[in-house]
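Geometric and topological summary
What follows is the residue order along each chain.
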Amino acid sequence: MIDIENIVFDTVAKAIKVEYPTAHIVGEYVKFPPRFPSISIVETDNSVYERTQSNSIENHADVTYEVNIYSNKSSGKKSECKAIAALIDNVFATLGFSRTMLQPIPNVDDATIYRIVGKYRAVVSKNNEIYRR
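Presented here is an overview of the structure given in this document. Remember, predicted model here, so these are calculated numbers, not experimental data.

Side note on helix 2 (residues 77–95)
- In this model helix 2 runs 27 Å from its N-terminal to its C-terminal C-alpha over 19 residues, within 8% of the 27 Å that 1.5 Å per residue would give.
- Within helix 2, the full set of buried residues consists of Glu80, Cys81, Ile84, Ala85, Leu87, Ile88, Asp89, Val91 and Phe92.
- If you follow the buried residues of helix 2, they end up packed against helix 1 (5–19), strand 2 (38–48), strand 3 (60–71), strand 4 (98–104) and strand 5 (114–125).

Thoughts on the pattern of salt bridges
- For the structure on display, the rule yields 4 salt bridges.
- Residues Arg121 and Asp62 are paired through a salt bridge, measuring 2.6 Å at the closest nitrogen-oxygen approach. Of this pair, Arg121 sits in strand 5 while Asp62 sits in strand 3, placing them 59 residues apart in sequence.
- Given a relative accessible area of 7%, Asp62 falls into the buried group.

Examining the packing of aromatic side chains
- Tallied over the entire structure, the rule returns 4 aromatic pairs.
- Aromatic side chains Tyr65 and Phe92 sit 6.0 Å apart centroid to centroid with 45° between the ring planes, which places their arrangement in the tilted category. Linking Tyr65 in strand 3 with Phe92 in helix 2, this pair joins segments that are 27 residues apart in sequence. Considered together, Tyr65 and Phe92 belong to a single accessibility category, that of buried residues.
- With 5.6 Å between their ring centres and 80° between their planes, Tyr65 and Phe97 make a pair best called edge-to-face. On the criterion of sequence distance, the pair formed by Tyr65 in strand 3 and Phe97 in the loop between helix 2 and strand 4 is long-range, its members being 32 residues apart. Here Tyr65 and Phe97 have matching classes, each one buried.
- Among the aromatic residues, those joined into a ring-pair cluster are Tyr65, Phe92, Phe97 and Tyr120.

Digging into the pairing of strand 3
- The buried fraction of strand 3 is high, at 12 of 12 residues.
- Side chains His60, Asp62, Thr64, Glu66, Asn68 and Tyr70 of strand 3 all project onto a buried face; the interleaved residues Ala61, Val63, Tyr65, Val67, Ile69 and Ser71 project onto the opposite face, where all are buried too.
- Where strand 2 meets strand 3, 10 bridges bridge the pair, whose relative direction is antiparallel. Bridge pairing links Asp45 to Thr64 in strand 3.

Quick look at helix 1
- The terminal C-alpha atoms of helix 1 lie 22 Å apart, and with 15 residues this matches the ideal 21 Å at 1.5 Å per residue to within 8%.
- Those residues of helix 1 lying buried are Val8, Phe9, Val12, Ala13 and Ile16. Taken end-on, helix 1 shows its buried residues confined to a sector of 115°, consistent with a single buried face. Looking at helix 1, the residues exposed on the side facing more than 90 degrees away from the buried face are Asn6, Lys14 and Val18.
- Looking at the buried residues of helix 1, the elements they touch are strand 1 (24–26), strand 2, strand 3 and helix 2.

Cut-offs applied
- Residues numbered from 1 in each chain as written.
- Predicted model: local features only at pLDDT ≥ 70, side-chain atom pairs only at ≥ 80, totals over all residues.
- Heavy atoms only, no water.
- Helix = DSSP H or I, 4+ residues; strand = E, 2+ residues; numbered from the N terminus.
- Expected span 1.5 Å × (residues − 1).
- Buried < 20%, exposed > 50% of the residue type's maximum accessible area, 1.4 Å probe, protein only.
- Contact = heavy atoms within 4.5 Å.
- Salt bridge = Lys/Arg side-chain N within 4 Å of Asp/Glu carboxyl O.
- Phe/Tyr/Trp six-rings, centres within 6.5 Å; stacked < 30°, edge-to-face > 60°.
- Pairing = 2+ DSSP bridges.
- Arc of directions from axis to C-beta.

Next up, the structure:
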């Protein structure tokens, strides 16, 4: 299996920490973040890219990442989420990913928390080269 999850997570997390040093960043979904801003970066799909598979050998994988961004600021939480989303979007684009979705999602468990979800997709080779899909 081709696995670049740690590389992607570390690259995105380091970029976030430069601008938001107190951000809570995790590699799994968190329903109730312990502090804010909070960001989860999760690989939600890693499947064999069948076009380049030969003799059952995986040469490329089609990977998707989901990013959840949360803010609970009393004023400016939407702006904070959008600024973090723009930063993350730039990092994923630099890595070679394409954004497939970015939208606000109502946080039904706590309406005082603003949430944006983004999804990024790319094809990665067994040599960890990333290609836009």
